[in-house]
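Report on the structure
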Amino acid sequence: MKPYLLELKNISYSYHTLHGETKALNNICFGVKEGEFIAIVGPSGCGKSTLLSIIAGLIKPERGTIAVNKSDGTLGYPKIGYMLQKDHLFDWRSVYQNVILGLEIQQKLTKENIDYVHELLNEYGLGAFKDKRPSELSGGMKQRAALIRTLALKPELLLLDEAFSALDYQTRLIVSADICNIIRKTGKTMIMITHDLSEAVRLADRVIILTSRPASVKIEVPIHLTLQDTSPVAAMNAPEFSDYFNLIWKELNDEKTH
Ligand code: ADP
């Protein structure tokens, strides 16, 4: 069995404002294996974004630790890539200039990294569009460009915060499957926050359901779907899909009515 890349142990966090204390996370414990796709779902306002910020290292937990165990033996916290709801592409730069932006800021525009960006652009269908402006691309292509900008920095762990929620339903089905297929191909580990239960079941290897605030882990649901084909709707047609969906729906609704 693969070891955990990250192991969250008893993570707690509270916000302190002039109006008092808001306890956001309470004793969160779970592990994430290398190459695994985790979806985190929970009632609105329960602490999901706070948890992602702690995993990203943007805020420090009040209590608890995150243990790191990389299989390649390298030391240090995994390199993080973030994908947000908005693609944050700049229209005054070409697609190519956008995807190299992170490398440019980090002063890592080496020949090797530039070759890698071209490889990604060509492999994921944007090679012919590299001199276009982002506004000339479809919603799906923009998300691909945003992903390539993230992948150019060779992250080991990708964090997705409601990354597809700005897209209309049909585009979202196609783009989320497409983006996750690319991430799987590159062998990265992924943690995504979503309020879309179908998305969680379709895309994740394991769904972690949080309680209402302060969030703790209510239940973890490993997902095993029998896929007939590689289409974006294949997961929804899997015989196990509705059982998983109903189980997670029930767990979440129990939370909301508490
Ligand atoms: P979710 O992502 O599940 O909607 P959040 O992690 O954004 O939840 O927020 C959890 C709780 O912490 C909410 O009650 C929210 O109002 C509060 N909170 C979030 N950010 C801050 C902040 N910067 N200062 C004070 N309270 C905050």
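Residues numbered from 1 in each chain as written. Predicted model: local features only at pLDDT ≥ 70, side-chain atom pairs only at ≥ 80, totals over all residues. Heavy atoms only, no water.

1. Regarding the overall build of the protein
Heads up, the rule is: Only DSSP runs of H or I reaching four residues or more are called helices, and only runs of E reaching two or more are called strands; each is numbered from the N terminus. Only C-alpha atoms enter the radius of gyration, while the globule expectation follows 2.2 Å times N to the 0.38, with N the number of residues. The buried label goes to any residue with under 20% of its type's maximum accessible area, the exposed label to any with over 50%, and the partly exposed label to all in between, with areas taken from a 1.4 Å probe on protein chains only. Only heavy atoms enter the contact rule, under which two residues are in contact if any of them lie within 4.5 Å.
In terms of helices and strands, the protein carries nine helices and nine strands. The C-alpha radius of gyration of the protein comes to 19 Å, within 12% of the 18 Å expected for a compact globule of 258 residues. Of all 258 residues assigned to the protein, the portion counted as buried reaches 47%. Long-range contacts, defined here as pairs at least 24 residues apart, represent 71% of the contacts in the protein between residues at least 6 apart.

2. Considering the sheet that holds strand β6 (residues 157-161)
The test is simple: Should DSSP find at least two bridges between two strands, the strands are taken to pair. Where helices are involved, their axes are fitted lines through C-alpha atoms of the stretch in contact, as for all axes, and angles between N-to-C directions lie from 0 to 180°.
Strand order in the open sheet formed by six strands is β5-β6-β7-β3-β8-β9, with mixed pairing between adjacent strands. The sheet terminates laterally at β5 (80-83) and β9 (217-222), the two strands that pair on one side only. Ignoring strand direction, the axes of neighbouring strands in this sheet form an average angle of 20°. Taken together, the four bridges between strand β3 (residues 37-41) and strand β8 (residues 206-210) define a ladder with parallel strand orientation. Paired with Ala39 across the strands is Val207, a residue of β8. Against the sheet, helix α5 (residues 139-151) contacts β5 and β6, and its axis sits at roughly 165° relative to β5. Sitting on the sheet, helix α6 (residues 169-185) is in contact with β3, β5, β6 and β7 (189-193), with an inclination near 135° to β3.

3. Here's the deal with the packing of aromatic side chains
Operational definition: Pairs were defined over the aromatic rings of Phe, Tyr and Trp, the Trp ring being its six-membered one, requiring ring centres within 6.5 Å. Orientation was assigned from the angle between planes: stacked under 30 degrees, edge-to-face over 60, tilted for the rest. A ring is scored as having a charge over it whenever the NZ atom of a lysine or the CZ atom of an arginine sits within 6 Å of its centre and within 35 degrees of its normal.
Within this structure, the stated rule accounts for four aromatic pairs. For the ring pair Phe241 and Phe245, a centre distance of 6.1 Å and an interplane angle of 25° mean the geometry is stacked. On the criterion of helical spacing, the pair formed by Phe241 and Phe245 is a turn pair, its members being four residues apart in helix α9 (residues 241-256). On the basis of relative accessible area, Phe245 is assigned to the partly exposed category, the value being 24%. Centroid distance Phe245 to Trp249: 6.2 Å. Interplanar angle 15°. Geometry classified as stacked. Linking Phe245 with Trp249, this pair stays in helix α9, spanning four residues, or about one helical turn. Taking relative accessible area as the criterion, Trp249 reaches 48% and is therefore assigned partly exposed. A network of ring pairs unites the aromatic residues Phe241, Phe245 and Trp249 as a single cluster. Geometry around Tyr116 places Lys154 over its ring, the cationic atom sitting 4.9 Å from the centre. Over the aromatic face of Phe37 sits the side chain of Arg184, whose NZ or CZ is 3.9 Å from the ring centroid.

4. Things to note about the site of the ligand
As a reminder of what qualifies: We call a residue near a given molecule or strand whenever any one of its heavy atoms falls within 4 Å of it. Side-chain atoms alone can form a polar contact between residues adjacent in sequence; in general such a contact is a pair of N or O atoms within 3.5 Å, and within protein one must be able to donate a hydrogen while the other accepts it. Put simply, Ala, Val, Leu, Ile, Met, Phe, Trp, Tyr, Cys and Pro go in the nonpolar bin, Asp, Glu, Lys and Arg in the charged bin, and everything else, Gly too, in the polar bin.
Residues in contact with the ligand, as listed here, are Tyr15, Thr17, Thr22, Gly45, Cys46, Gly47, Lys48, Ser49, Thr50 and Arg213. At 3.1 Å from an oxygen atom of the ligand is found a main-chain nitrogen or oxygen belonging to Cys46. Between Thr50 and the ligand, the recorded distance is 2.5 Å, taken from a side-chain N or O atom to an oxygen atom. Those elements that provide at least two residues to the shell around the ligand are β1 (4-17) and α1 (48-56). Class assignment for the residues of the shell around the ligand results in two nonpolar, six polar and two charged.

5. A short note on the nonpolar core
Here is the rule: Nonpolar cores were defined as sets of buried Ala, Val, Leu, Ile, Met, Phe, Trp, Tyr and Cys residues, with membership established by side-chain atoms within 4.5 Å. What counts as a domain boundary in this text is fixed by an automatic or database domain assignment.
Grouped together as the largest cluster of nonpolar side chains are 49 residues, with contacts concentrated most on Leu160, Phe164, Val207 and Ile248. Per element, the largest residue contribution to this core is six residues, and it comes from α5. Composition of this core by domain shows at least three residues from each of domain 1 (1-23 + 33-78 + 157-258) and domain 2 (87-155). Ignoring sequence-local partners within four residues, the contact set of Leu160 consists of Leu52, Met83, Ile183, Met190, Ile191, Met192 and Ile193. In terms of nonpolar packing, the next biggest core, distinct from the first, is built from 25 residues, Leu6, Ala24, Leu25 and Ile208 among them.

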